[in-house]
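Below, each chain spelled out in residue letters.
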Amino acid sequence: MDTAVKPITNLVDLSFKVEGMTCASCVARVEKALKSVPGVENASINLATEKATVRAHSTIGIEALSSAVEKAGYDVPSETVSLSISGMTCASCVTRVEKALKKVPGVTDASVNLATEKAQISAVGVPVDRLIAAVERAGYDAAVSSDTAPKEQTGSRLPTWWPVALSALLSLPLVVPMLGMPFGYHWSLPGWLQMALATPVQFWLGARFYKAGWKAVLARSGNMDLLVAIGTSAAYGLSVYLLLGHANHEGMGHLYFESSAVVITLVLLGKWLEARAKHQTVAALRALESLRSTDAIVRRNGQDIVVPVGQVRVGDTVVVRPGDRVPIDGTVIEGSSHLDESLLTGESLPVAKNVGDSITGGAVNADGIVVMKASAVGGATMLSQIIKMVEDAQAVKAPIQRLVDKVSAVFVPVVLFISVVTLLGWGLLTGDWQQALLNAVAVQIIACPCALGLATPTSIMAGTGVAAKYGILIKDAEALETAHAVNVVAFDKTGTLTEGKPAVVAVETASQSEHEVLGLARAVQRYSDHPLAKAVEAEAVKQGIALREASGAQALPGRGVRAEVGGTTVFLGNRRLLQEIGLPTASLEDLAQLHENAGRTVSWLAIQAAGKTELAGLLAFGDTLKPSAKAAVQRLQDIGVSSVMLTGDNPGSAKAVASAVGITDFRAEVLPADKANVVAALKQNGKAVAMVGDGINDAPALASADVGIAMSTGTDVAMHTAGITLMRGDPTLVADAIDISKKTYRKIQQNLFWAFVYNLVGIPLAAFGLLNPVIAGAAMAFSSVSVVSNALLLKRWKPQSQKQR
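First, a word on what this report is: a plain description of the structure on this page. (Residues numbered from 1 in each chain as written. Predicted model: local features only at pLDDT ≥ 70, side-chain atom pairs only at ≥ 80, totals over all residues. Heavy atoms only, no water.)

This part covers the overall build of the chain. Across its full length, the chain holds 29 helices and 30 strands. Sorting the 805 residues of the chain into buried and exposed places 51% on the buried side. When contacts within the chain are restricted to residue pairs at least 6 apart in sequence, those whose partners lie at least 24 apart make up 68%. Per element, the accessible surface of the chain, about 35400 Å² overall, is 57% carbon and sulfur. (Helix = DSSP H or I, 4+ residues; strand = E, 2+ residues; numbered from the N terminus. Buried < 20%, exposed > 50% of the residue type's maximum accessible area, 1.4 Å probe, protein only. Contact = heavy atoms within 4.5 Å. Areas by Shrake-Rupley, 256 points an atom, 1.4 Å probe, with all protein chains shown as cover.)

Below, the structure is given as structure tokens:
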């Protein structure tokens, strides 16, 4: 269980588990109960994950929310967490730690033992790192106790299928005689034996329906359990009445114990299959959770020691051996290796990492030993943020689900009304009150709204889960639902369609060859960290140019650099530097102007030897296109989505990039503040607009678009603002994000259609006596299982780029 606390003025977001919900009616009742708590701004329930997400004023405690849920007839389970506390010396220390822990929202109790230096905390929806942070703020150190890691309170260790198996075993002898009827065999078990078999099914294995149904009655509401309890009790009660009424008479009519027992068995089977299927919908989240390391090798005082990952702090030196999983986020300070980041980014190939490169916790070190400096630990790591984003997306309700909730809120009362009308109608018109009761029972059984409650959340969970597997993180259900309708994508240029860093795009020569110009430029600035110097280094390595020695390197502020290379003085810099040394640029002036008009940076290279200075050439630096940029635009065009490019560059540079990627509609010289206005103008034409960006200056446009899509290679601000984050800087993932959105939305529509069809067709059939309770129970169970199974088909989805490999 997780909680997210985001200060928004005086509001916080709380997330906790709710047990006992079985259908959409339960969801509506819990939401209503939570929203009735003074200070609660909004509440959203996900039936599939059994989680409640509440936005409330910071003064509202978890106790008030838990109380509201319990009054509605449901449970909020707590966790018991054990922490090892160090630094305590007396009873006042104990009091201080307990007070600090009890102040954490969600903590219901905390007890600290000075002798054992342990704290036992009972909490609802509180992550361990928040508890540790509270202890540290009080002035002490804390870590998860190795012998009692946080765990949910659990009950029986028997397999989850045992109630289904036992119920089926007891019901089977009641059903077997029915199988002989079509062949002319009319025999049945003695009535008392039938009751003996059906009673434990009805009141022991089916006790959950009575408990949940009674809570619904106390809350003046209705749910699936109430319908099952009433319906099966009616069939069981009728059978007992007939049995007792004919105990001393011959010709006792048919008993209906098999109807009540089989319906309960089928409902239990359906709920078990649902639970199994729902478990599969969070497979991606469990895969991400499995990437978390428990230990880390930390270098302290020259020694490598193994410590729990919770004790690693920012700035620590961490050693990652070959085959180990990276425990936290950091920067390589020693060594080089290849890291498998496939479960984080969706990129199947290992990524080379060298000194200065960032590495992310959860990746697997393939070969060399890497020493890193920790930059983020605990909840601040990229992996923790990814897990939270996926969890949030699966917890937040999609807009379409709100309509379903409104329907389900009145669904059960309407069904009960139809059931009563069926009972009275059949009884009064035919006089056959037995058949009337059975038809009324069938109405209640077929109408269980489980499928309605599961249709949307299971689809969203499966869709967001498979998307995360391939590096597409969808932060909320609304973004997932909205993205399917996108028909215009506005791309920021720098860092989105282009690499966002300078590269050598041209080498123009005057008195020297291209290789010589590149070689001298590399030598003169080999020790520089300037982005242009790195671009020269990369291009020289790419062309296989040998590194030459340079001496006497001198930076010339605002102009460039000079150095001695092989007895020759080399100057590399801007136009002003050439003016200072009195060197004309006429021979390359026209080419330089062309590059500058295209928005490129020009560096001039001059050499001086034997008292003679001459122009050797120039290097033009520009932002290079991402290899997949053109394919990304084409993919969008193929699915009927048009592309627009926004950039602050001059029209010439903008036109060159737009033409290269196949975009005809571009906006140049757009100030950062104006990007949001351009997006708003695009939306005015009735278009659904997605904005793709990676920088701080893109945040307003990302927020104003119908769907914001951020590159994880960009800034945190962009990622927090956007509804979708692409874990690789690959623009082809934009089309993939829209594609998974379309397929998920289609699954939601299919599931809702079938869920409604089951009820719209089944209720009239049952009311008109065309469905007996057993068939109704089977249909109801099948409806829930089919909805979840249909959602699970999304797990087979693959991005287009993966299909082509």
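Here the narrative resumes, following the displayed structure.
What follows deals with the pairing of strand β2 (residues 40-46). In terms of residue burial, β2 counts as a mostly covered element, since five of its seven residues are buried. Across six bridges, β2 lies against strand β3 (residues 51-57) in antiparallel orientation. The partner of S44 across the bridge, within β3, is T53. The turn joining β2 and β3, which pair antiparallel and follow one another in sequence, is formed by four residues; a positive phi near 55° is taken by E50. (Pairing = 2+ DSSP bridges.)

As a further point, take the packing of aromatic side chains. Throughout the structure, instances matching the rule amount to six aromatic pairs. On the numbers, 5.7 Å between centres and 25° between planes, the contact of F203 with Y210 is stacked. The interplanar angle of 75° and the centroid separation of 5.3 Å between the aromatic rings of F753 and W754 together place this pair among those described as edge-to-face. In this structure F753 comes out as partly exposed when scored by relative accessible area, which is 48%. The class for W754 is partly exposed, based on a relative accessible area of 46%. Put simply, the rings of F203, Y210, Y236 and F257 touch in pairs and so form one group of aromatic residues. (Phe/Tyr/Trp six-rings, centres within 6.5 Å; stacked < 30°, edge-to-face > 60°.)

Turning our eyes to something else, we now look at the nonpolar core. In terms of nonpolar packing, the biggest core is built from 46 residues, with I472, V489, I724 and V734 touching the most fellow members. With 42 residues, the next largest nonpolar core counts L205, L268, V412 and L771 among its residues. (Core = buried A, V, L, I, M, F, W, Y, C linked by side-chain atoms within 4.5 Å.)

On to the pairing of strand β26 (residues 642-646), then. With four of five residues buried, β26 lies mostly within the body of the structure. Both strand β19 (residues 488-492) and β26 contribute to a ladder of five bridges, which runs parallel. Along β26, the bridge assignment pairs D492 with L646. A crossover links β26 with its parallel partner strand β27 (residues 665-667), the connecting element being helix α23 (residues 651-661), and its sense is right-handed. (Right-handed = clockwise from strand over helix to strand, strands pointing away.)

Looking now at the packing of helix α18 (residues 514-524) against helix α19 (residues 531-542). The geometry of α18 relative to α19 is characterised by a closest axis approach of 9 Å and an angle of 135° between their N-to-C directions. When the axes of α18 and α19 are compared, the pair comes out oblique. Helix-helix and strand crossings are classified by hand; for α18 and α19 the assignment is left-handed. Of α19, the residues touching α18 (which contributes L518, A521 and R522) are V536, E537, E539, A540 and V541. Of the residues belonging to the contact of α18 with α19, the class tally is five nonpolar, no polar and three charged. (Axes fitted to C-alpha atoms, helices over the stretch in contact; angles between N-to-C directions. Parallel < 35°, antiparallel > 145°, perpendicular 65-115°, else oblique. Left-handed = near helix turned anticlockwise from the far one by under 90°. Nonpolar A, V, L, I, M, F, W, Y, C, P; charged D, E, K, R; others polar.)

Turning to helix α21 (residues 586-597), a few remarks are in order. Between its first and last C-alpha atoms α21 spans 17 Å; for 12 residues at 1.5 Å apiece the expected length is 16 Å, and the two agree. Of all the positions in α21, only L588, E589, A592 and H595 are classed as buried. For α21, the arc enclosing every buried residue in end-on projection is 135°, short of the 170-degree limit, so these residues lie on one face. Counted as exposed and oriented over 90 degrees from the buried face of α21: D590 and L594. (Expected span 1.5 Å × (residues − 1). Arc of directions from axis to C-beta.)

Any functional reading would require information beyond the geometric quantities listed.
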